Amino acid sequence: MKPALGFTLMEVLVALVLLALFTLVTYRALDSVLQAQQRAVAEMERWQTLASAFAWLESDLANAVARLDPRDPAGSAFRSRNESSGATQFELVRQLPEDIDAGLLRVGYRCAQHALLRLVWTEAADDGQPPRALSLLQGLGGCSFRYMGLNGEWLAAWLPQAGQLLPRAVELNLVEAGGTPVRRVWRLQ
């Protein structure tokens, strides 16, 4: 009599259990890798958004002009405002690149309702029209500006000082939705 060829029922069950365990371990490992990738992509997008907002601020502040009208020695082109609602805002006139005809552009930045906005007016000197608002950052836990005065002190609001129409620096303090504080300072003069 020949010995029977094949597997016993017990051997098949053991092989199936080992295959199921291997599949479960592989699935969990793959799932954790995919979740880590999603977290890394979200973190990268968050930092890219912050970098983009900071680049706008840096460009505008680096090109700020002290006066809208050079014949007016007291006429500052930089203004700040703190509202009772907690919103803070500053406005400035910036010089545009040489290839743009207008030459000057009035822009502003506003921290309000858990967002950082960039404001743009079509006319540098027109105070009557509302600006276009571009949302740079959303979902913030907090946002505020401070301005460095002549003696290096930080001020909550900017008022032109003797011989100084622009602040020495502008500070932006953010608290991200997760509670992470972010502080950036840009030098103007």
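Look above for the structure.
Parameters and conventions
- Residues numbered from 1 in each chain as written.
- Predicted model: local features only at pLDDT ≥ 70, side-chain atom pairs only at ≥ 80, totals over all residues.
- Heavy atoms only, no water.
- Helix = DSSP H or I, 4+ residues; strand = E, 2+ residues; numbered from the N terminus.
- Buried < 20%, exposed > 50% of the residue type's maximum accessible area, 1.4 Å probe, protein only.
- Polar contact = N/O pair within 3.5 Å; in protein donor to acceptor, adjacent residues only side chain to side chain.
- Contact = heavy atoms within 4.5 Å.
- Disulfide = S-S within 2.5 Å.
- Pairing = 2+ DSSP bridges.
- Axes fitted to C-alpha atoms, helices over the stretch in contact; angles between N-to-C directions.
- Patch = residues over 30% accessible without salt bridge, like charges linked within 9 Å, V, L, I, M, F, W, Y side chains within 5 Å.
- Areas by Shrake-Rupley, 256 points an atom, 1.4 Å probe, with all protein chains shown as cover.
- Salt bridge = Lys/Arg side-chain N within 4 Å of Asp/Glu carboxyl O.
- 1 Å grid on protein atoms, 1.4 Å probe; cavity = no way out; pocket = protein on both sides within 12 Å on 5 of 7 lines; lining within 4 Å.
- Points joined across faces, edges and corners; volume = space filled by probe spheres on them.
- Nonpolar A, V, L, I, M, F, W, Y, C, P; charged D, E, K, R; others polar.
- Phe/Tyr/Trp six-rings, centres within 6.5 Å; stacked < 30°, edge-to-face > 60°.
- Lys NZ or Arg CZ within 6 Å of the ring centre and 35° of its normal.

Caption draft 1: Just the side chain of Ser 80, in detail. Mapped onto the fold, Ser 80 is located in strand 2 (residues 79–82). Since its relative accessible area comes to 18%, Ser 80 is described here as buried. A distance of 2.6 Å separates a polar atom in the side chain of Ser 80 from the backbone nitrogen of Trp 158. With residues up to four places along the chain from it excluded, the contact list for Ser 80 reads Gln 89, Phe 90, Tyr 147, Ala 157 and Trp 158.

Caption draft 2: Layout of unusual backbone geometry. We note that Gln 113 has phi near 50°; this positive angle belongs to a residue other than glycine. Counting through the fold element by element, Gln 113 comes out in the loop between strand 4 (104–112) and strand 5 (115–120). You will see that His 114, though not glycine, has its phi angle at about 65°, which is positive. Tracing the backbone shows His 114 in the loop between strand 4 and strand 5. Given a relative accessible area of 52%, His 114 falls into the exposed group.

Caption draft 3: Structural context of the state of the cysteines. What the rule picks out here adds up to 1 disulfide. There is a disulfide in this structure between Cys 111 and Cys 143, and the S-S distance comes to 1.9 Å. Of this pair, Cys 111 sits in strand 4 while Cys 143 sits in strand 7 (residues 142–148), and the two are 32 residues apart along the sequence. Residue classification places Cys 143 among the buried residues on the basis of a relative accessible area of 17%.

Caption draft 4: Up close: the sheet that holds strand 9 (residues 169–175). A sheet is described by the order of its strands in space; here 4 strands give the open sequence 8-7-9-10, paired in antiparallel fashion. The sheet is open, and its two edges are formed by strand 8 (154–155) and strand 10 (181–187), each paired on a single side. Of the pairings in the sheet, the one linking strand 9 to strand 10 comprises 7 bridges and is antiparallel in character. Within strand 10, the residue paired with Leu 174 across the bridge is Val 182. Sheet contacts for helix 1 (residues 9–62): strand 9 and strand 10; angle to strand 10, the most-contacted strand, approximately 25°.

Caption draft 5: How the structure looks around a nonpolar patch on the surface. A cluster of nonpolar side chains, namely Phe 7, Leu 9, Val 12, Leu 13, Leu 16, Leu 19 and Phe 22, defines an oily patch on the protein surface of about 780 Å² accessible area. Tracing the backbone through its elements, the reader meets Leu 19 in helix 1.

Caption draft 6: Inspection of the layout of surface pockets at higher detail. When its volume is computed, the largest pocket comes out at roughly 160 Å³. Lining of the largest pocket is provided by Arg 46, Thr 49, Leu 50, Leu 137, Gln 138, Gly 139, Leu 140, Glu 176, Ala 177, Gly 178 and Thr 180. No other element matches helix 1, which puts 3 residues into the lining of the largest pocket. Of the residues in the lining of the largest pocket, the class split is 4 nonpolar, 5 polar and 2 charged.

Caption draft 7: Spatial organisation of the environment of Glu 43. The residue Glu 43 is located in helix 1 in this model. Side-chain polar atoms of Glu 43 contact the side chain of Arg 46, separated by 2.3 Å.

Caption draft 8: Structural context of the packing of aromatic side chains. Applying the stated criterion to the full structure yields 6 aromatic pairs. For the ring pair Phe 78 and Phe 90, a centre distance of 5.4 Å and an interplane angle of 15° mean the geometry is stacked. Here Phe 90 lies in strand 3 (residues 88–95) and Phe 78 lies in the loop between strand 1 (64–65) and strand 2, a separation of 12 residues in the sequence. A ring pair is formed by Phe 90 and Phe 145, whose centres lie 4.9 Å apart and whose planes are at 85°; its orientation type is edge-to-face. Of this pair, Phe 90 sits in strand 3 while Phe 145 is found in strand 7, placing the two residues 55 residues apart along the sequence. Taken as a pair, Phe 90 and Phe 145 share a single burial class, namely buried. Aromatic ring contacts, followed pair by pair, group Phe 78, Phe 90, Tyr 109, Phe 145 and Tyr 147 into a single cluster. Across the ring face of Trp 121, the terminal group of Arg 106 is positioned such that the distance to the ring centre comes to 3.9 Å.

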